[in-house]
Amino acid sequence: MPNIGSFLDFMRATHSKKVGTGSNKRPEKLNVHIRNSWRTNLQLIRSIGNMIGYKKSLSEWQCLSEVKMGRGSPIPPMLRPKIVEQYQKGVSQRKIAKSLKLSSSTVHNIIQRFRKSGTISVRKGHGRKTILDARDLRALRRHCITYRNATVMEITTWAQEYFQKTLSVNTIHRAIRRCRLKLYRSKKKKYLNMIQKRRRFLWAKAHLKWTVVKWKTVLLTDKSKFEVLFGKLGRHVIRTKEDKDNPSCYQRSVQKPASLMVWGCMSVCGMGSLHIWKGTINAERYIQVLEQHMLPSRCCLFQGRPCIFQHDNARPHTSSITTSWLRRRRIQVLKWPPCSPDLSPIENIWRIIKRKMRQRRPKTAEQLEACIRQEWDSIPIPKLEQLVSSVPRHLQSVIKRRGDATQW
């Protein structure tokens, strides 16, 4: 690494040779000539130092600081602690500026920043002003909340007409993020008309007085469909931009995958029987399932204690044959509101088992059935108590939303 100090001595000697004492020039013109030549040589020194990657020391910076820096140029970082150190020792700002060859305003600004914020770093610039101010962002936020299902292109078209400004899709994307909003995939919920919402609301108000002990006497039943999973799971894949047509980055799908329709029952006392449907479901076959699986599970779980039977409003459940069979058996049935899977705790059991199936990924229908039965029997009792105890909160959410779909 070249020695910059020796190079500076060489440049000083060069000046002394060029303008010696034997010159007939006046002293004032001589000083101006030395000063101008020195500035030119300093620029050469700085360019050479940048090319060789040389970092100047504090003493060398003090030597180079004799040249006036351009307006807005930050001072060297090693001088800032020196200014604060001398200020804390009680040295006046004028003496600090004179000793470090800096302007008094520069020293004053650094000391003021240190006194106010406790930092001596260079303040970050504000940058270019945004095309949408705070008032425009508030209007954009109101529009996005009002029309939540609008696309970014539709929002951009509206913003160009409303603000009378040239706006791109990327600008609107950034503005939406500044509004603390983001584009998400919406949850899938069943459609509810006004009659169904009112029935849900009235049913929730009528059963809100039920205690957790009362809900523990309910035998919950439901059915769900399970499919054999093929190919890659999920719609996201980690790849480069060029790998979009790579066969390993495709999401495979089967037109008609093998599936099973599963019926089960549960209560806070434990998991009941599990039945695999084969073929279509009608009222006669549903009654057979109740006789072969529901009645033994009720006797096993409640051991002769009174309980309430619950099922949804599917057609095989509400047919006259099923209703008369339940009446003859003197089974107390809990009336269930329409389109309300979010109120049944057994739906959470199906969700847990399906998550396990996505992890285990059975290949055939036989493997799928074995995995479902294994996961069904492994549900712990504390989990069932937690799900049943959460029913009052579900009812409160239905009442709060006036019968609309809840977050469950």
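No experiment lies behind these values; they were computed from the predicted model shown.

Rules used throughout
Residues numbered from 1 in each chain as written. Predicted model: local features only at pLDDT ≥ 70, side-chain atom pairs only at ≥ 80, totals over all residues. Heavy atoms only, no water. Pairing = 2+ DSSP bridges. Helix = DSSP H or I, 4+ residues; strand = E, 2+ residues; numbered from the N terminus. Contact = heavy atoms within 4.5 Å. Axes fitted to C-alpha atoms, helices over the stretch in contact; angles between N-to-C directions. Parallel < 35°, antiparallel > 145°, perpendicular 65-115°, else oblique. Left-handed = near helix turned anticlockwise from the far one by under 90°. Nonpolar A, V, L, I, M, F, W, Y, C, P; charged D, E, K, R; others polar. Core = buried A, V, L, I, M, F, W, Y, C linked by side-chain atoms within 4.5 Å. Buried < 20%, exposed > 50% of the residue type's maximum accessible area, 1.4 Å probe, protein only.

Some words on the sheet that holds strand 1 (residues 218-227)
At step 1: Pairing is mixed across the open sheet formed by five strands, whose spatial order is 3-2-1-4-5. In the strand order of this sheet, the two ends are held by strand 3 (270-277) and strand 5 (333-334), each with one partner.
At step 2: Against the sheet, helix 15 (residues 346-360) engages strand 1, strand 2 (259-267) and strand 3, with an angle of about 30 degrees to strand 1.

A word on the packing of helix 7 (residues 134-146) against helix 8 (residues 152-163)
At step 1: It is at 11 Å that the axes of helix 7 and helix 8 come closest, and there the two elements cross at 140 degrees. As judged from the angle between their axes, helix 7 and helix 8 are oblique. Here helix 7 and helix 8 pass one another in a crossing that is right-handed. Between helix 7 and helix 8, the residues in contact are Asp136, Ala139, Leu140, His143 and Cys144 and Ile155, Trp158, Tyr162 and Phe163, respectively.
At step 2: Partitioning the contact of helix 7 with helix 8 into residue classes produces seven nonpolar, one polar and one charged.

Quick word on the packing of helix 4 (residues 79-88) against helix 6 (residues 104-117)
At step 1: With their axes 10 Å apart at the nearest point, helix 4 and helix 6 run at an angle of 75 degrees to one another. With respect to their mutual orientation, helix 4 and helix 6 come out roughly perpendicular. Judged by residue contacts, Arg80, Ile83, Val84, Tyr87 and Gln88 of helix 4 engage Val107, Ile110, Ile111, Arg113, Phe114 and Arg115 from helix 6.
At step 2: Among the residues forming the contact of helix 4 with helix 6, the class breakdown is seven nonpolar, one polar and three charged.

Focus: the nonpolar core
At step 1: Judged by nonpolar contacts, the single largest core of 35 residues is most densely connected at Trp215, Phe226, Val262, Met266, Ile349, Trp350 and Trp376.
At step 2: Those elements giving two or more residues to this core turn out to be helix 10 (194-207), strand 1, strand 2, strand 3, helix 15, helix 16 (365-377), helix 17 (381-389) and helix 18 (391-400).
At step 3: When residues of this core are assigned to their parent elements, the largest contribution, six residues, is made by helix 15.
At step 4: Among the nonpolar cores identified, the runner-up in size contains 17 residues, and Cys265, Val289, Phe309 and Leu326 belong to it.

Focus: the pairing of strand 2
At step 1: Most of strand 2 sits inside the fold, with seven of its nine residues counted as buried.
At step 2: Sheet analysis places strand 1 next to strand 2, joined by eight bridges and oriented antiparallel. Across the sheet, residue Lys223 finds its bridge partner in strand 2, namely Trp263.
At step 3: Sheet analysis places strand 2 next to strand 3, joined by six bridges and oriented antiparallel. For Val262, the partnering residue across the bridge sits in strand 3 and is Ile276.
At step 4: Where strand 2 folds back onto strand 3 in an antiparallel hairpin, the turn is made up of two residues.

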